Amino acid sequence: MGIQRKDLLSIHDLSQSEVFEILDLAKDLKAKKKRGEEHHLLKGKTLGMIFSKASTRTRVSFEVGMWQLGGMALFLSSKDLQIGRGEPIQDTARVLSRYVDGIMIRTFSHDNVKELAAHSTIPIINGLTDLLHPCQALTDIFTVLEYKGSLKGLKMAYIGDGNNMVNALMQACVKVGMDISAATPKGYEPDAEIVAEAKEDAKATGSTVTLLNDPLAAAKGADVIYTDVWASMGQESEQAIRAKAFKGFQVNNEVMAAANKGAIVLHCLPAHRGEEITDEVMEGPQSVVFDEAENRLHVQKAIMALFMGKK
Ligand code: CP
Ligand code: NVA
């Protein structure tokens, strides 16, 4: 068992079969957890969790997940690590490699995570950067698979900011043959390099990546409606400007009416009701956001087991 590449920094780096290996193991681990069956795939292993940004889901699901796999996790706030006082990433990488069996990191710069990976001898898992949120996007396609039974040919509509979430979702969708349409205000498009790469990857699975500025056009015929906050962590000072720019980029009943009848609604959370999503949709029958949040636990356990459990 195990994925042979060392790190999970970006879904683009994974093959389609590696993505499905993660989804399959997540399904198995979820079932085992529900049946109360032991699944100590990482007995005696340790995960260091470096956080430079806030977190509820990521921190708790990785920590609890590691425990359920028979290992333990250490919460390492970058404020308290020497890294916060200027110790180089490459030194931190080499030191932590001597103590723990894997690192999950949530930080601002994606390049810092690449540097950590380049200088460590243990698996590095990206727990969110300004560019990507791969663990969340893998969880999202797992959740779609649970609800829809298959992925190929489905359409996801993303409405809102062209941020780390939509970047990762584009990578995930094209890997599994899902179409994705992203509607953002002008000037808030997803990362251009990731879009180009995703369009290239889409050729292999016959899927499409479409960028629009019209939420209703994006939602038309969608099986999955996705949104995320208008101002991500680190963009707090832009909140007011963004609130203006994103008016009309809200998941509400009008958007839901444009989507397919059985469409599900996903949101990585935390949500700002009344901004990117109405309370009505968030609490409505098509919203599966809390199942999605739960699935972080199961999918990340699979990720940890496959990346850290290599023989
Ligand atoms: N969705 C997500 O990553 O949530 P947290 O910021 O709470 O970890
Ligand atoms: N785009 C959001 C996702 C939070 C899970 C952020 O980066 O703050």
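Structural data are supplied above this passage.
Treat the numbers as computed from the prediction; the structure is a model and nothing was measured.

Q: With reference to specific residues and values, describe the site of ligand 1.
A: In the neighbourhood of ligand 1, the contacting residues comprise Ser55, Thr56, Arg57, Thr58, Arg106, His133, Gln136, Cys268, Leu269 and Arg296. Threonine 58 places a polar side-chain atom, nitrogen or oxygen, 2.7 Å from an oxygen atom of ligand 1. With respect to ligand 1, the side chain of histidine 133 contributes an N or O atom lying 2.8 Å from an oxygen atom. Across the complex, the protein chains shield 95% of the 250 Å² of accessible surface that ligand 1 would expose by itself. The pocket occupied by ligand 1, as judged from atoms lying within 2 Å of grid points, is the largest pocket. For the shell around ligand 1, the residue count by class is two nonpolar, five polar and three charged.

Q: Residues and numbers for unusual backbone geometry, please.
A: Note: most peptide bonds trans; most residues except glycine with negative phi. A cis amide bond links leucine 269 to the next residue, proline 270, at an omega of 5 degrees. Phi is positive for leucine 128, which is not a glycine, with a value near 120 degrees. As for its position among the elements, leucine 128 is in the loop between β4 (124-126) and α5 (134-148). Inspection of the secondary structure puts leucine 269 in the loop between β9 (264-267) and α11 (279-282). Note on leucine 269: relative accessible area 9%, which makes it buried.

Q: I'd love a proper account of the sheet that holds β9, names of residues and values included.
A: In a beta sheet, neighbouring strands pair by backbone hydrogen bonds and run either parallel or antiparallel. With parallel pairing, the five strands of this open sheet are ordered in space as β7-β6-β5-β8-β9. Of all strands in the sheet, those with a lone pairing partner are β7 (209-212) and β9, marking the two edges. Taken over all neighbouring pairs, the strand axes of this sheet differ in orientation by 20 degrees on average, direction set aside. As defined by bridge partners, strand β5 (residues 155-159) adjoins strand β6 (residues 179-183) across five bridges and the pair is classed as parallel. Residue pairing for β6: methionine 156 is matched across the bridge by isoleucine 180. Docked against the sheet, helix α12 (residues 289-308) engages β8 (224-227) and β9, running at close to 50 degrees with respect to β9.

Q: For the site of ligand 2, give the residues involved together with the corresponding values.
A: Surveying the vicinity of ligand 2 reveals the residues Leu128, His133, Asn163, Asn164, Asp228, Val229, Ser232, Met233 and Leu269. Note that a nitrogen atom of ligand 2 is positioned 2.7 Å from one of the side-chain N or O atoms of serine 232. Measuring from an oxygen atom of ligand 2, one finds a backbone N or O atom of methionine 233 at 2.8 Å. Starting from 270 Å² of accessible surface for ligand 2 in isolation, the protein chains cover 94%. More than half of the atoms belonging to ligand 2 lie within 2 Å of the grid points that define the largest pocket. The class makeup of the residues in the shell around ligand 2 is four nonpolar, four polar and one charged.

Q: Before we move on, could you go through the layout of surface pockets and cite the residues and values that matter?
A: In this structure, the largest pocket occupies an estimated 410 Å³ of space. Broken down by secondary-structure element, the contributors of at least two residues to the lining of the largest pocket are α2 (57-68) and α6 (164-176). Counted by class, the lining of the largest pocket contains nine nonpolar, nine polar and seven charged residues. Estimated volume of the second largest pocket: approximately 290 Å³. Taken together, 15 residues line the second largest pocket, and the ones lying closest to its centre are His110, Lys114, Leu131, Glu193 and Ile194. Looking at the lining of the second largest pocket, the elements that each hand over two or more residues are α4 (110-119) and α7 (192-205).

Q: Quick rundown of the nonpolar core? Include the residues and the values.
A: Generally speaking, nonpolar side chains in soluble globular proteins are found buried as a group. Core analysis: the biggest nonpolar cluster contains 62 residues, and Ile22, Leu47, Leu138, Ile141, Met178, Ile303 and Met304 have the highest contact counts within it. In terms of residues, this core owes the most to one element, α6, which gives nine residues. Look past the residues within four positions of isoleucine 141 in its chain and what remains in contact with it is Val19, Leu23, Leu151, Ala172, Val176 and Met178. Counting residues in each nonpolar core, the second largest holds 23 residues, with Ala222, Met256, Ala263 and Val281 among its members.

Calculation notes
Residues numbered from 1 in each chain as written. Chains lettered and ligands numbered in written order. Predicted model: local features only at pLDDT ≥ 70, side-chain atom pairs only at ≥ 80, totals over all residues. Heavy atoms only, no water. Near = heavy atom within 4 Å. Polar contact = N/O pair within 3.5 Å; in protein donor to acceptor, adjacent residues only side chain to side chain. Areas by Shrake-Rupley, 256 points an atom, 1.4 Å probe, with all protein chains shown as cover. 1 Å grid on protein atoms, 1.4 Å probe; cavity = no way out; pocket = protein on both sides within 12 Å on 5 of 7 lines; lining within 4 Å. Sits in = over half its atoms within 2 Å of the grid points. Nonpolar A, V, L, I, M, F, W, Y, C, P; charged D, E, K, R; others polar. Helix = DSSP H or I, 4+ residues; strand = E, 2+ residues; numbered from the N terminus. Buried < 20%, exposed > 50% of the residue type's maximum accessible area, 1.4 Å probe, protein only. Pairing = 2+ DSSP bridges. Axes fitted to C-alpha atoms, helices over the stretch in contact; angles between N-to-C directions. Contact = heavy atoms within 4.5 Å. Points joined across faces, edges and corners; volume = space filled by probe spheres on them. Core = buried A, V, L, I, M, F, W, Y, C linked by side-chain atoms within 4.5 Å.

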